[in-house]
Amino acid sequence: MGMGEVFSMSKIRREDLVKGMVIMAVMAMLVVDAADTNDVYSPCLDAKVQRGDGFTFGIAFSDKQTFSPDNGPQLSPCDKRLELTNKGAKVAAFRPKVDEISLLTINRSSLDPVCNFMLS
């Protein structure tokens, strides 16, 4: 067996190794996606999350009086007494995953520039 044959055999093995690693990485990504155990999709409900789970949170945009009716205490956007949907508030909901970087964007073209926002 000459040196050229040994080199070509090792090259084939490296290619097989790289292909195997790529296949394993893709399978691992699919397993992580399938492992989302959090089935709570409302930003107003409590949920237990773990690595790989998605979690939902929301941002509500409206004027200050909407969140503090009658100059009372500032209420959570999840408080049903606010009736945000009836007062024209805008809500953006997001579902990023734990331990994953996500880009969150909001279309500001339909928002009033003097609106306050609250996280829920």
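Conventions adopted
Residues numbered from 1 in each chain as written. Predicted model: local features only at pLDDT ≥ 70, side-chain atom pairs only at ≥ 80, totals over all residues. Heavy atoms only, no water. Helix = DSSP H or I, 4+ residues; strand = E, 2+ residues; numbered from the N terminus. Buried < 20%, exposed > 50% of the residue type's maximum accessible area, 1.4 Å probe, protein only. Contact = heavy atoms within 4.5 Å. Areas by Shrake-Rupley, 256 points an atom, 1.4 Å probe, with all protein chains shown as cover. Salt bridge = Lys/Arg side-chain N within 4 Å of Asp/Glu carboxyl O. 1 Å grid on protein atoms, 1.4 Å probe; cavity = no way out; pocket = protein on both sides within 12 Å on 5 of 7 lines; lining within 4 Å. Points joined across faces, edges and corners; volume = space filled by probe spheres on them. Nonpolar A, V, L, I, M, F, W, Y, C, P; charged D, E, K, R; others polar. Disulfide = S-S within 2.5 Å. Phe/Tyr/Trp six-rings, centres within 6.5 Å; stacked < 30°, edge-to-face > 60°.

Caption draft 1: Spatial organisation of the overall build of the protein. Summing up its helical and strand segments, the protein has 2 helices and 3 strands in all. Across the protein, helices and strands are ordered from the amino to the carboxyl terminus as α-β-α-β-β. For the protein, with 120 residues in total, the buried portion stands at 22%. Sequence-distant contacts, at least 24 apart, represent 60% of the contacts inside the protein between residues at least 6 apart. Roughly 9,500 Å² of accessible area belongs to the protein as shown, and the carbon and sulfur atoms make up 60% of that amount.

Caption draft 2: Fine view of the pattern of salt bridges. Considering all chains together, one arrives at 2 salt bridges under this definition. Put simply, aspartate 79 and arginine 81 hold a salt bridge, and the shortest N to O gap is 2.6 Å.

Caption draft 3: Quick peek at the layout of surface pockets. Of the pockets and cavities examined, the largest pocket occupies roughly 260 Å³. What lines the largest pocket is a set of 14 residues, among which Cys44, Pro77, Cys78, Leu84 and Val91 lie closest to the centre. Looking at the lining of the largest pocket residue by residue, the class counts come to 8 nonpolar, 3 polar and 3 charged.

Caption draft 4: The arrangement of the state of the cysteines in detail. One pass over the full model with this rule turns up 1 disulfide. With its sulfur 2.0 Å from that of its partner, cysteine 44 forms a disulfide with cysteine 78. Handedness of the cysteine 44-cysteine 78 disulfide follows from its S-S torsion of about -85°: it is left-handed. Note that cysteine 44 is positioned in the loop between α1 (3-34) and β1 (57-62) and cysteine 78 in the loop between α2 (64-67) and β2 (90-94), a separation of 34 residues in sequence. Overall, the relative accessible area of 43% leaves cysteine 44 in the partly exposed class. For cysteine 78, a relative accessible area of 23% gives the class partly exposed.

Caption draft 5: Inspection of the packing of aromatic side chains at higher detail. If you walk through the whole model with that rule in mind, you get 2 aromatic pairs. Judged by centre distance (6.2 Å) and plane angle (20°), the rings of phenylalanine 55 and phenylalanine 57 are stacked. Residue phenylalanine 55 is classed as partly exposed on the basis of its relative accessible area, which comes to 30%. An angle of 35° between the planes, with centres 5.5 Å apart, marks the rings of phenylalanine 57 and phenylalanine 94 as tilted. Of the two residues, phenylalanine 57 is situated in strand β1 and phenylalanine 94 in strand β2; the sequence distance between them amounts to 37 residues. Each residue in the set Phe55, Phe57 and Phe94 is aromatic and connected to the rest through ring pairs, giving one cluster.

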